[in-house]
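Each chain is listed here by its residues.
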Amino acid sequence: MATAKLDYQWHLRKVMADRGMFSTTDLMEPLEERGIKLSSSQVYRLVVERPERLSLKILMALLDLLDCRMEDLIEPVSVAGAKSRPKKAAASGGSTESLSSGLGSLRPKRARIAGGDT
């Protein structure tokens with residue numbers, strides 16, 4: 001039985017908008033009050049991008065200052081159609097036919113160096 005691939009959606013921007021906070025800098029002072037010092041670019045990335053690593057202290061501060069639950073910020077989703085990629089053949093062995101199938105005309109042509117008579 002294959003396990004489902006899980007992912008998540010980050011809803012900080014939406015939760016902020018629901019609270020009337022439309023600027024990323026609106027988070028800086030409330031975070032500092034809770035002992036979290038982030039630069040303006042770090043706060044911008046936290047709001048605009050989906051964080052891959054997030055400190056639990058920052059998460060707890062966000063939950064506190066936005067008065068929301070973790071489910072409001074982070075929504076687990078399953079990845080549709082996620083399949084493991086086929087294993088590539090080793091460089092020294094195996095068939096390269098399976099690797100080049102589907103590439104068609106996109107496969108680069110081998111360079112040929114013509115020797116010049118000097």
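Reading the values: the criteria
Residues numbered from 1 in each chain as written. Predicted model: local features only at pLDDT ≥ 70, side-chain atom pairs only at ≥ 80, totals over all residues. Heavy atoms only, no water. Helix = DSSP H or I, 4+ residues; strand = E, 2+ residues; numbered from the N terminus. Buried < 20%, exposed > 50% of the residue type's maximum accessible area, 1.4 Å probe, protein only. Phe/Tyr/Trp six-rings, centres within 6.5 Å; stacked < 30°, edge-to-face > 60°. Lys NZ or Arg CZ within 6 Å of the ring centre and 35° of its normal. pLDDT = per-residue confidence, 0-100. Contact = heavy atoms within 4.5 Å. Polar contact = N/O pair within 3.5 Å; in protein donor to acceptor, adjacent residues only side chain to side chain.

All right, on to unusual backbone geometry then. Phi angles above zero are rare outside glycine, and Asp-67 is one such case at about 50°. Note on placement: Asp-67 falls in the loop between helix H4 (56–66) and helix H5 (70–73). Accessibility expressed as a relative area gives 67% for Asp-67, which makes it exposed.

Let us now look at the packing of aromatic side chains. Between two aromatic rings, the relevant description is the distance of the centres plus the angle of the planes. For the structure shown, the criterion picks out zero aromatic pairs. Its guanidinium or amino end placed over the ring of Tyr-8, Arg-50 lies 4.4 Å from that ring's centre, counting from NZ or CZ.

Scored by pLDDT, the protein chain comes out at a mean of 82, with 74% of its residues at no less than 70. Between the elements of the protein chain, mean pLDDT differs from a low of 51, seen in helix H6 (residues 97–100), to a high of 96, seen in H4.

Residues Ile-58, Leu-59, Ala-61, Leu-62, Leu-63, Leu-65 and Leu-66 constitute the buried set of H4. Buried residues in H4 make contact with strand E1 (6–10), helix H1 (12–18), helix H2 (28–33), helix H3 (40–48), H5 and strand E2 (74–78). Of the residues flanking the start of H4, the one acting as N-cap is Ser-55, its side-chain oxygen 3.2 Å from the backbone nitrogen of Lys-57. One or two residues past the end of H4 sits Asp-67, with phi positive at roughly 50°.

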